[in-house]
Amino acid sequence: MSFDGPAARIAAAVRAGERSATSAVAESLAAIDAAGELGAFNAVTADAALARAEAIDDAVAAGDDPGPLAGAPVALKDNICTSGAPTTCSSRILEGWTPPYDATVVRRLEAAGAVVVGKTNMDEFAMGSSTENSAFGPTRNPLDPERVPGGSSGGSAASVAGGLTPLALASDTGGSIRQPAALCGIVGMKPTYGRVSRYGLVAFASSLDQIGPMARTVGDAALLYSVIAGCDPLDSTSVPEPLGDLNGALAADVDGLRVGIVSELSGEGIDGDVLSRLDAAATALTGAGAYVGEVSVPAAVYGLSAYFLIAPAEASSNLARYDGVRYGLRVPAAGAVDMNVATRTAGFGDEVKRRIMLGTFVLSAGYYDAYYAKALQVRTLVVRDFAAAYERFDVLLAPTSPSVAFRFGERTADPLTMYLSDACTVASNLAGHPAVSVPFGSGADGLPVGVQVMAPAFGEDVMFRAAAALERLLADVPRPDGAAATAAAKP
């Protein structure tokens, strides 16, 4: 197995002159237009995308190689800056703002020949697990429009799962790539912190945020990751670490691979249908020659509590810049202070306000040591416990989401219940480690279940090795058209 999937096949055909980039992009734009009821996109950049596709076709005709993603349509989460289109973070407070520059990942996509077709819907400022917290309205799950696609990257997940684009980029702060990938039955990957440049990503929680790929196959996800990864002098947290042999990892078997099932992430609070698919994945890996055993990461049980102190604290600082003075929404008032208050009151949604207030509280005098500092100590314990687990195992396995996709409105009345949607994913963000969600069969109501493969820092190669093996062993997964198909099926 090598880089393979819808995007890889489009690019190979375009580079070989067997089809045009223009036709691939036109098909994607038509699919987006036909699926408007999903609410996957905040903005579609049709004219720019077609012009870009024509330039790629001209390059091929001239004998040039446009790159490994030649002509492949890509959707961008609406918190990734693009100079030619608004970037709103699905918030009223960034109404009408068009960035004056492109994010580093956007420049790398262009250098690889990809074509950006639009910006996808999300929970406002990436704060949510269902894409119900958007100023543009919710995004629907292509597998069941009465259910959420997950969040905060629900628009990107719906675009890929619904066949609107073969690829999408999104951000993952506490599971915002992996959880919607699981709920929509696609592959979603969070790289090691520092592996992919955050320059041009609108910040939520700077020590946790990471851009990553979403795709229908592990091969396509690895291909997109290989394009966007790498050190960037514009991002001081970027790390100059080699990627390793991803093609070799995708093709390798799992004979002798040591796989640990994280006991703290595979017990209480996880639905039975999800646990049954985790057990099936463990059994399949054992049958393929891997050693599978149970491992404890004790501090993981405190991961969610630590995350919901650290992330809001960083958000409180990062979102202070939206004051109605420099860009975005401004609500007129008699004085500057009143204008700030009026603008933020009108511009931010309830969930964003909730997290700003929580973050401001835990950073305030008298509470900093009791809450924020203690959360940082827990984060250190999480890192140490993962390090101990990786002394015994090459990769770790856990559910991605505690449940399959839930119905609209089911969890909005109780924020704590919604926050529990991230219980299985936040630990990897706290540790800064890579993790990927791979669909592995279906659970309640025939909806997909994602299994999460976690690896140590900069262990993306071994992570993709296990993920590709799971994909080869994958049971049938429901598709948006209601038909059953395996992840390796040709779209």
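Residues numbered from 1 in each chain as written. Predicted model: local features only at pLDDT ≥ 70, side-chain atom pairs only at ≥ 80, totals over all residues. Heavy atoms only, no water.

Right, let's get into the overall build of the protein. Along the backbone of the protein there are 16 helices and 13 strands. Relative to the globule expectation of 23 Å for 491 residues, the C-alpha radius of gyration of the protein, 21 Å, shows essentially globular dimensions. Viewed in the frame of its principal axes, the protein has a C-alpha envelope of about 65 × 55 × 45 Å. Per-residue burial for the protein yields a buried fraction of 59% across its 491 residues. (Helix = DSSP H or I, 4+ residues; strand = E, 2+ residues; numbered from the N terminus. Rg over C-alpha atoms; globule rule 2.2 N^0.38 Å. Buried < 20%, exposed > 50% of the residue type's maximum accessible area, 1.4 Å probe, protein only.)

Where helix 2 (residues 21-34) contacts helix 3 (residues 46-61), the axes come no closer than 8 Å and their chain directions differ by 160 degrees. Accordingly, the angle class assigned to the pair helix 2 and helix 3 is roughly antiparallel. The hand of the helix 2/helix 3 crossing is right-handed. Between helix 2 and helix 3, the residues in contact are Ala21, Thr22, Val25, Ala26 and Leu29 and Ala46, Ala49, Leu50, Ala53, Glu54, Ile56 and Asp57, respectively. Within the contact of helix 2 with helix 3, the residues separate by chemical class into nine nonpolar, one polar and two charged. (Axes fitted to C-alpha atoms, helices over the stretch in contact; angles between N-to-C directions. Parallel < 35°, antiparallel > 145°, perpendicular 65-115°, else oblique. Left-handed = near helix turned anticlockwise from the far one by under 90°. Contact = heavy atoms within 4.5 Å. Nonpolar A, V, L, I, M, F, W, Y, C, P; charged D, E, K, R; others polar.)

Take the sheet that holds strand 4 (residues 167-172) next. Strand order in this open sheet of 11 strands is 1-3-2-4-6-5-10-11-9-7-8, and the pairing throughout is mixed. Edge positions in the sheet fall to strand 1 (41-44) and strand 8 (291-295), since each has one partner strand and no second. Going from strand to strand, the sheet's axes swing by 30 degrees on average, the running direction of each strand aside. Strand direction decides the pairing type here: strand 2 (residues 73-77) and strand 3 (residues 115-120), joined by five bridges, are parallel. Paired with valine 74 across the strands is valine 116, a residue of strand 3. Relative to the sheet, helix 2 contacts strand 1, strand 2 and strand 3, its axis offset from that of strand 3 by approximately 15 degrees. (Pairing = 2+ DSSP bridges.)

Looking now at the pattern of salt bridges. Scanning the model with the defined rule gives 13 salt bridges in all. The salt bridge involving arginine 9 is made with aspartate 4; its shortest N-O contact spans 3.1 Å. With relative accessibility at 30%, the residue aspartate 4 sits in the partly exposed group. Overlapping salt bridges, with partners in common, bring together Asp144, Arg147 and Asp445 in one network. (Salt bridge = Lys/Arg side-chain N within 4 Å of Asp/Glu carboxyl O.)

Its place among the elements puts threonine 400 in the loop between strand 9 (395-399) and helix 14 (415-419). Here the side chain of threonine 400 touches serine 437 through a polar contact of 2.9 Å, side chain to side chain. Excluding anything up to four places from it in sequence, threonine 400 contacts Arg178, Gln179, Ala182, Cys424, Thr425, Ser437, Gly450, Val451 and Gln452. (Polar contact = N/O pair within 3.5 Å; in protein donor to acceptor, adjacent residues only side chain to side chain.)

As for its position among the elements, serine 305 is in helix 10 (residues 303-318). C-alpha of serine 305 to C-alpha of valine 378: the two residues are 73 residues apart in sequence and 9.2 Å apart in space.

On average, residues of the protein score 94 in pLDDT, and 96% of them are at 70 or above. Per-residue pLDDT stays below 50 along residues 475-491; that stretch engages in 38 contacts with residues further than four places along the chain or on separate chains. (pLDDT = per-residue confidence, 0-100.)

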